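Residues per chain are reported as follows:
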Amino acid sequence: MLNSLVASAKTLESIDERLLRCGISRRSFLVFCSTLMIAAPYGLAITDKMRPEDVAAGLGRVVRPSIIWLHFQDCTGCTESLLQTSHPDFGDLILNVISLEYHETLMAGSGLQARQALDEAVQKHAGNFVLVVEGSIPRKDQGIYMKLAGRPALEVLADIGGKAAAVVAIGSCASWGGIPSADPDPTEAVGVADVLTGKAIVNIPGCPPNPYTLLGVLLQYAADKTLPEMDDQHRPKFAFDRDIHEHCPRRAHFDAGNFVKQYGDEGHREGWCLYEMGCKGPDTHAGCSTRHFNEIPDVWPIGIGAPCIGCTEKSVAFKVPMFEVVKLHTIAAPPTSYAPITTTRGTISPLATGLVGIGVGALAGAGYVASRKFSKVEDDESAPGSEPPTSGSGSDSDTKPGASA
Ligand code: FSX
Ligand code: SF4
Ligand code: F3S
C-alpha cells in the first residue's frame with residue numbers, strides 16, 4: 001500500500017479524485033477535516049463558521065502537493081508522529097491527501113533503486129515540489145557524519161533544496177539542530193535555515209512536532225501557493241503564537257500555588273501544576289495544550305503528567321536541564337476559563353502516573369528521579385516576581401504567581 005502511494009504515477013490529481021480512486025469513505029474524510037479544523041485553523045483559512053463539510057468541499061478540489069521528504073540526523077519520530085494516528089486508516093488518509101514522491105522510511109526500495117527514485121522525483125517535479133527535511137545537518141569536517149548515497153547532507157540539501165518551491169523543516173532537529181546539537185554537539189549539528197539560503201523555509205519544531213501543523217502548511221501551499229504568517233523563528237503563527245502555560249489545563253493550580261513536588265505524590269495524582277518539576281511551559285510556544293496528539297484528548301506531555309521540556313523552543317530544549325525550573329519572563333493573565341481546581345477533571349490516574357514514571361525512567365534514570373530534591377531556595381529565586389510559587393497549600397494569595405502580574 002505505502003509503496004504504491006510513494007510510487008504513484010498519477011500525481012496531479014485532486015484530493016477528491018484520489019480518495020475516490022482509493023475507496024476512502026466520505027465519512028473518514030469528514031472526520032479528518034474536523035480534526036484539521038481544530039489543529040490548523042488559520043493555516044487553511046478555516047473560520048469558526050465553517051462546517052467539516054465546507055472544509056471537505058474546498059480541500060477536495062486542491063491538487064495534492066508533491067512532497068520529497070529527506071532524513072538527516074534524526075530518530076524518525078517526526079515521521080512516526082505523522083503516521084501514528086488513533087483512527088484506523090488515518091495514516092493512509094494522510095498519505096492520500098499529500099503526494100509523497102520520496103520518503104526513505106516508507107518506500108520499499110533501497111540502495112541504487114532508492115537513489116534513482118530520488119533523482120527521478122526531483123527531476124520530474126523540479127520547481128514545484130515542497131521539500132520536507134527531517135533531522136539536523138552536521139557541519140563538522142565538511143559534513144562527513146551524515147551522508148546520503150555517498151554525498152554529505154550539506155551537499156544534498158543545497159542541491160535538492162535549491163530545486164524545491166518551498167522547504168519545510170519538520171521537527172526540532174531540522175529547525176535548529178535539536179537533540180544532535182545538544183552539548184557536546186559532536187557533529188556541529190544545525191538546522192536547515194542555517195545552511196540553505198535564498199529559499200522560503202518554514203520551521204515546525206517539536207520533538208516530535210504535531211503532524212497537523214505540517215498538514216496545515218502543506219495544504220495551504222497546495223491551495224494557493226502561499227505560506228502561513230510566521231514568527232521571528234520562522235514558525236507558523238497559527239500553531240506557535242501562544243505559550244503552553246497560557247492555556248494549560250493545570251494553570252489554575254499554578255495560579256493557586258498547587259505544585260507537584262515529586263512524581264507520584266498527592267499533587268501529581270491530583271493533576272497539580274508541574275512547574276517545580278521543571279515544566280518549561282511558561283517559556284515554550286506551541287499549541288500542545290489545545291491541539292493534542294493522535295486525536296486523543298489529553299495525549300500530550302502535561303496531559304499524561306510529565307513536565308513540558310520545551311521541545312519547540314530553541315533556547316530551551318536540550319539546553320536547559322530537564323528538571324531545572326525556568327524563570328518567568330512574562331506572566332500572562334490567567335485564562336478567562338479553565339477547570340476549577342477542585343474538579344476531578346484532569347486528575348492523573350495511577351495508570352498515567354505509572355506511564356510517566358516509565359517514560360521519565362527511560363529518559364533520565366529512575367535513580368536520578370527518585371533522588372532529585374527540589375531546593376526550595378532555588379525555586380524561590382526563580383519564582384515569578386521573586387515570590388515563591390512553593391506553598392503547595394494554595395491558601396495564601398500573596399504567594400500566587402498570578403498575584404504579581
Ligand atoms: Fe526525532 Fe525527527 Fe525529535 Fe528530531 O523528530 S522526534 S529527534 S525532532 O528529527 O525524528
Ligand atoms: Fe501547565 Fe507547566 Fe504552566 Fe504548570 S507550569 S500551568 S504544568 S504549563
Ligand atoms: Fe514539546 Fe512541551 Fe509540547 S515538550 S510536545 S512543547 S508540551
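Provided above is the structure to which this section pertains.
(A) A look at the site of ligand 3. For ligand 3, the full set of nearby residues is I244, T284, C288, W300, P301, C308, I309, G310, C311 and T312. Considered class by class, the residues forming the shell around ligand 3 number seven nonpolar, three polar and no charged.

(B) Structural context of helix α4 (residues 52-60). Inspection of α4 places V55, A56, L59 and G60 among the buried residues, and these make up the whole buried set. Along the axis of α4, the buried positions cluster into a sector of 125 degrees, meaning they face one direction only.

(C) A look at the nonpolar core. Grouped together as the largest cluster of nonpolar side chains are 56 residues, with contacts concentrated most on F29, F32, L59, V168 and L214. Looking at which element gives the most residues to this core, the answer is helix α11 (residues 211-224), with eight residues. Among residues more than four places away in sequence, those in contact with L214 are W69, L82, V132, V168, I170 and I204. In terms of nonpolar packing, the next biggest core, distinct from the first, is built from 27 residues, L70, L131, V156 and L157 among them.

(D) Region of the structure containing the packing of aromatic side chains. Scanning the model with the defined rule gives six aromatic pairs in all. Clustering of aromatic rings is evident, with ring pairs tying together F29, F32 and Y212.

(E) Structural view of the sheet that holds strand β3 (residues 130-134). Pairing is parallel in the open sheet, where five strands are placed in the order β2-β1-β3-β7-β9. With partners counted over all chains shown, the strands left at the sheet margins are β2 (99-103) and β9 (201-204), one partner each. Neighbour to neighbour, the strand axes of the sheet diverge by 20 degrees on average, direction disregarded. Against the sheet, helix α8 (residues 153-163) touches β1 (66-71), β3 and β7 (166-170), its axis set at about 155 degrees to β3. Along the sheet, α11 makes contact with β1, β3, β7 and β9, crossing β7 at roughly 175 degrees.

(F) Representation of the site of ligand 1. Among the 13 residues in the neighbourhood of ligand 1, the closest are listed as C75, G77, C78, C173 and C207. Between ligand 1 and C78 there is a distance of 3.4 Å, counted from an oxygen atom to a backbone nitrogen or oxygen. Per-element tally for the shell around ligand 1: the top contributor is helix α9 (residues 171-176), with three residues. Tallied by class, residues from the shell around ligand 1 come to five nonpolar, six polar and two charged.

(G) Spotlight on the pattern of salt bridges. Enumeration over the complete set of coordinates arrives at 13 salt bridges. A salt bridge links R18 to E13; the shortest N-O distance between them is 3.4 Å. Taking the shortest distance from any N to any O, the salt bridge between D16 and R26 comes out at 3.2 Å. In this pair, D16 sits in helix α2 (residues 15-21) while R26 sits in helix α3 (residues 26-39), placing the two residues 10 residues apart along the sequence. For R26, a relative accessible area of 45% puts it in the partly exposed group. If you follow the salt bridges from partner to partner, you end up with E13, R18, R21 and R64 in one network.

Analysis parameters
Residues numbered from 1 in each chain as written. Chains lettered and ligands numbered in written order. Predicted model: local features only at pLDDT ≥ 70, side-chain atom pairs only at ≥ 80, totals over all residues. Heavy atoms only, no water. Near = heavy atom within 4 Å. Nonpolar A, V, L, I, M, F, W, Y, C, P; charged D, E, K, R; others polar. Buried < 20%, exposed > 50% of the residue type's maximum accessible area, 1.4 Å probe, protein only. Helix = DSSP H or I, 4+ residues; strand = E, 2+ residues; numbered from the N terminus. Arc of directions from axis to C-beta. Core = buried A, V, L, I, M, F, W, Y, C linked by side-chain atoms within 4.5 Å. Contact = heavy atoms within 4.5 Å. Phe/Tyr/Trp six-rings, centres within 6.5 Å; stacked < 30°, edge-to-face > 60°. Pairing = 2+ DSSP bridges. Axes fitted to C-alpha atoms, helices over the stretch in contact; angles between N-to-C directions. Polar contact = N/O pair within 3.5 Å; in protein donor to acceptor, adjacent residues only side chain to side chain. Salt bridge = Lys/Arg side-chain N within 4 Å of Asp/Glu carboxyl O.

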